[in-house]
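# Observations on the three-dimensional arrangement
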Amino acid sequence: MAIIKSFDPASIESICNILGETNTGLTGTQISKYLTECNIFDPQLNSTKRKKLYDALVLKQNNDRCSNNIIMFIQHVMKPSRHVQNQDWFENIRSQLNYVLSFEGFEISTNGLLKEAIKVKTFSEAEERAQSLRKSLLDRKIHPDVLAFCKAELLVDNYFHAVFEATKSIAEKIRNRTNLTCDGSELVDQAFSYKGKIPYLALNNLTTASHESEQKGFMNLLKGVFGTFRNTTAHAPKITWNVNEQDALDTLSMISLIHRKLDNAVEAKKIYEGKI
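Definitions and cut-offs
- Residues numbered from 1 in each chain as written.
- Predicted model: local features only at pLDDT ≥ 70, side-chain atom pairs only at ≥ 80, totals over all residues.
- Heavy atoms only, no water.
- Axes fitted to C-alpha atoms, helices over the stretch in contact; angles between N-to-C directions.
- Helix = DSSP H or I, 4+ residues; strand = E, 2+ residues; numbered from the N terminus.
- Parallel < 35°, antiparallel > 145°, perpendicular 65-115°, else oblique.
- Left-handed = near helix turned anticlockwise from the far one by under 90°.
- Contact = heavy atoms within 4.5 Å.
- Nonpolar A, V, L, I, M, F, W, Y, C, P; charged D, E, K, R; others polar.
- Salt bridge = Lys/Arg side-chain N within 4 Å of Asp/Glu carboxyl O.
- Buried < 20%, exposed > 50% of the residue type's maximum accessible area, 1.4 Å probe, protein only.
- Expected span 1.5 Å × (residues − 1).
- Polar contact = N/O pair within 3.5 Å; in protein donor to acceptor, adjacent residues only side chain to side chain.

## Thoughts on the packing of helix 9 (residues 184–192) against helix 10 (residues 209–229)
Two elements in contact, helix 9 and helix 10, have axes separated by 9 Å at closest approach and are oriented at 160°. On the basis of the axis angle, helix 9 is roughly antiparallel to helix 10. Helix 9 and helix 10 meet at a crossing whose hand is right-handed. Contacts between helix 9 and helix 10 involve G184, S185, V188, D189 and F192 on the former and, on the latter, Q215, F218, M219, L222, K223 and F226. Residue classes in the contact of helix 9 with helix 10 are distributed as 6 nonpolar, 3 polar and 2 charged.

Right, dumping it as C-alpha cells:
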C-alpha cells in the first residue's frame, strides 16, 4: 500500500466515537483484541473505550507519520465475514464511518475495504445530496416517515442505504400496529393473511373479491419490497448494487405509498365485530 497522509485528529476522534459508542459500538474486549491483531500498541491511558481507541490510533499514526495502519485497523474491524450474524450492525456502522471518512476522501465498500471517494470539506457538501433528495421527495409529497431517512450519513457512497433503512421502517410500523415480533415474509403473512383466521390488519372490509384481491396484492408488494431490499449482504448482486438518485426517488415513493396504506389500515377484528 502506498503511504497515505495522516488523518486529521478530529476525524480519528469521530471514528473512535463511532466504534467505541457505548450501546452500538465494539466492546472493550473487541477493541483490545483488534488492536493486538493489528500490532497497534495500547498505551492504556484512559479507561473509556473511545478514548482508549483514540489514544492507540493517534499514537500509531504519529509514530508512522501516515494513516496506513489506521486504515488497516478499520478494514480489520469491518471484515464482512466477522459480521455474518449481525449484518444490520455492519451496514449501520459502515454508513456512519463513511460520513466521517468522506472528509478524508475515503469510503468503506461493502467488501469492508477502503477506497478513494470524493473528499468533502464542509458539512454543507456532505449534506448536499441529502438535501437534494429531500427536496425532490417533498415535491412528491412523500410520507414523513420516509423523509426521516434522507440523511447525509446514509448517502455518502450511494442511495442504497437510505432505501434499505426506509424499508426497515415498514416492518417496524407493522410490528407496532400488531405487536408481532417476526420479520419479512413471515411478518406479512401473520399480519395480513386471512386464511382460516381474522388478519391483524386489513386495507378494506374484505367483503368482495376485489377487496380480497387488494389485500393479497398489498401482501405481495410488501414481500417484494422486503425481498429486494432486506438482508442486503446475503447475496452478491445486492452487495454490488449501486442505487442512483432516480432509482432512490422511485423506490422511496413506493415506500411512501406503503406507509400511507399502513396508516389507513384498520384492525380487521373490528370489521367482523361490526365496529367499523
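## Considering the pattern of salt bridges
This model, assessed by the stated rule, comprises 15 salt bridges. Notably, a salt bridge pairs K60 with D64, separated by 3.8 Å at the nearest N-O pair. With a gap of 4 residues between them, K60 and D64 both fall in helix 3 (residues 49–64), about one helical turn apart. Given the relative accessible area of 21%, K60 is considered partly exposed.

## As for helix 8 (residues 160–178)
The end-to-end C-alpha distance of helix 8, which contains 19 residues, comes to 28 Å, matching closely the 27 Å that a straight helix rising 1.5 Å per residue would cover. Burial runs high along helix 8: 16 of the 19 residues are buried. With its phi angle positive at about 65°, N179 sits one or two positions after the end of helix 8.

## A closer look at the environment of T208
Here T208 is to be found in the loop between strand 3 (201–202) and helix 10. Taking relative accessible area as the criterion, T208 reaches 36% and is therefore assigned partly exposed. Among the polar contacts made by the side chain of T208, one reaches the main-chain amide nitrogen of H211 at a distance of 3.1 Å.

## Let's talk about unusual backbone geometry
In this structure, N179 is a non-glycine residue whose phi angle is positive, near 65°. Even without glycine at this site, L206 takes up a positive phi of about 55°. Tracing the sequence through the fold places L206 in the loop between strand 3 and helix 10. Residue classification places L206 among the buried positions, given a relative accessible area of 9%.

## Examining the side chain of T178
On the secondary structure map, T178 appears in helix 8. In terms of polar contacts, T178 uses its side chain to reach the backbone carbonyl oxygen of I174, at 2.8 Å. A polar contact is formed between the side chain of T178 and the backbone nitrogen of L180, at a distance of 3.2 Å. What T178 contacts, discounting residues up to four positions off in sequence, is A191, Y200 and L201.

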